[in-house]
Amino acid sequence: PLFFVIAVVIVYIYRHFGIRKDAMILLTVISTLLWAAVSADFQLPPLPFEPSATEPVISAQANKFHHDNHHAGYVSNTNKLLEEEGDQKLKSYTLSELVAKVGSGKLGLEESKEQKLRNNGGGAWNHAFWWRVLAPYDSEETKLGQISDDLAEAIEDEWGSVDEMIDEMKTKANKLFGSGWAWLIIKEDGLAIVTTPNQDNPLMSLVPDEKQGVPIFGIDVWEHAFYLTYGPMKPKFTEDFWHVVDWDQVSKNYQAAKKGNIEDLIGKEFDEYK
Ligand SMILES: [Fe+2]
């Protein structure tokens, strides 16, 4: 709409004041660039499946609230914060870079603003990651056979079997007090399972060293992720959750993380501020 108004004004000026054609072209280019600059932001990724696709583990309503309210809120609050700050350096970072720098002291934000970025930038990243590691209930992607050979080998090295790894993930997710996430991460010396509170993330500089790494899979254990379907029965949710895990995507994440292609974990187009 703003661009349309600018265009109308330019045409008006041209007709009434006789500005030369080349000047008008220049004005149009400048206003287009200005518009692109002021309208840049992080985008909300669409749900990659029908909302009901993960039933009965996650209901259509739970997916809608989770995506359209919670996730959308994190993205829009992150955009608002960057807009209010108006710092071009901050806007030059990808979402992954912003999240990774939380707690590093390199963002130049006052404490309350960094806390906002921690919660909302973290929430934006974590949920963009979340939708991608989910698949329709008992679909082909959820079969354990989808786990790539090298990932299966790395899991077996650490836990002995995929089932043992899943058991540890369930246990840690169940033990996590309050809101947070359980993650499967790559560290320098192999895979590990860690939990983080709220919207913290193993990429963040503020996360304790032993929990830092690159996530390749995660379970959202905020109540908003399971309460509509399971009520207070979190262990039942973490038990059934494996029917909707996209192991093909987790295997792709493993490759991306090993190569250091962090932007591929949530998809390049959603990692960029544009
Ligand atoms: Fe969530």
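Residues numbered from 1 in each chain as written. Predicted model: local features only at pLDDT ≥ 70, side-chain atom pairs only at ≥ 80, totals over all residues. Heavy atoms only, no water.

For the pair helix 3 (residues 60-85) and helix 9 (residues 223-230), interaxial distance at closest approach is 9 Å and the crossing angle is 160 degrees. When the axis of helix 3 is compared with that of helix 9, the two are roughly antiparallel. Every pair of crossing elements has a handedness; the one defined by helix 3 and helix 9 is right-handed. Together, Gln61, Ala62, Phe65, His66, His70 and Tyr74 of helix 3 and His224, Ala225, Leu228 and Thr229 of helix 9 make up the contact between the two elements. A breakdown of the residues in the contact of helix 3 with helix 9 according to their chemical character gives 5 nonpolar, 5 polar and no charged. (Axes fitted to C-alpha atoms, helices over the stretch in contact; angles between N-to-C directions. Helix = DSSP H or I, 4+ residues; strand = E, 2+ residues; numbered from the N terminus. Parallel < 35°, antiparallel > 145°, perpendicular 65-115°, else oblique. Left-handed = near helix turned anticlockwise from the far one by under 90°. Contact = heavy atoms within 4.5 Å. Nonpolar A, V, L, I, M, F, W, Y, C, P; charged D, E, K, R; others polar.)

Before going further, it helps to spend a moment on the pairing of strand 3 (residues 214-220). Here strand 3 lies mainly inside the structure; 7 of its 7 residues are buried. Direction of pairing for strand 1 (residues 180-187) relative to strand 3: antiparallel, over a ladder of 6 bridges. Looking at the pairing, alanine 182 lines up with isoleucine 219 of strand 3. (Buried < 20%, exposed > 50% of the residue type's maximum accessible area, 1.4 Å probe, protein only. Pairing = 2+ DSSP bridges.)

Taking the numbering used here, the UniProt-annotated feature "domain: Manganese/iron superoxide dismutase C-terminal" (unreviewed entry) corresponds to residues 149-253. Span residues 149-253 is 45% helix and 22% strand, its end C-alpha atoms 14 Å apart. (UniProt positions renumbered as here; feature names shortened; annotations may be inferred.)

Attention shifts here to the side chain of aspartate 271. Here aspartate 271 is to be found in helix 12 (residues 268-271). Buried charge without a partner: aspartate 271 forms no salt bridge, and the closest opposite charge is lysine 268, 9.0 Å away. Polar contacts involving the side chain of aspartate 271 include one to the main-chain amide nitrogen of serine 96, which spans 2.8 Å. Beyond its immediate chain neighbours, meaning those up to four positions away, aspartate 271 contacts Phe42, Thr94, Leu95, Ser96, Trp125, Glu263 and Ile266. (Lys, Arg positive; Asp, Glu negative; His and termini not counted. Salt bridge = Lys/Arg side-chain N within 4 Å of Asp/Glu carboxyl O. Polar contact = N/O pair within 3.5 Å; in protein donor to acceptor, adjacent residues only side chain to side chain.)

Binding of the iron ion to the protein goes through His66 (NE2), His127 (NE2), Asp220 (OD) and His224 (NE2), at separations of 1.9 to 2.1 Å. Of note is the iron ion, whose 4 donor atoms meet at the metal with angles of 91 to 136 degrees in an arrangement that counts as irregular. Mapping the donors of the iron ion onto the primary sequence gives the spacing H-x60-H-x92-D-x3-H. Residue histidine 66 is located in helix 3, and its partner histidine 224 is located in helix 9; the two are separated by 158 residues in the primary sequence. Accessibility assignment for this pair places histidine 66 and histidine 224 in one class, buried. (Donors = N, O, S within 2.8 Å, 3.2 Å for Na, K, Ca; no water. Tetrahedral: all angles 85-135°; square planar, octahedral: opposite > 155°, others 65-115°.)

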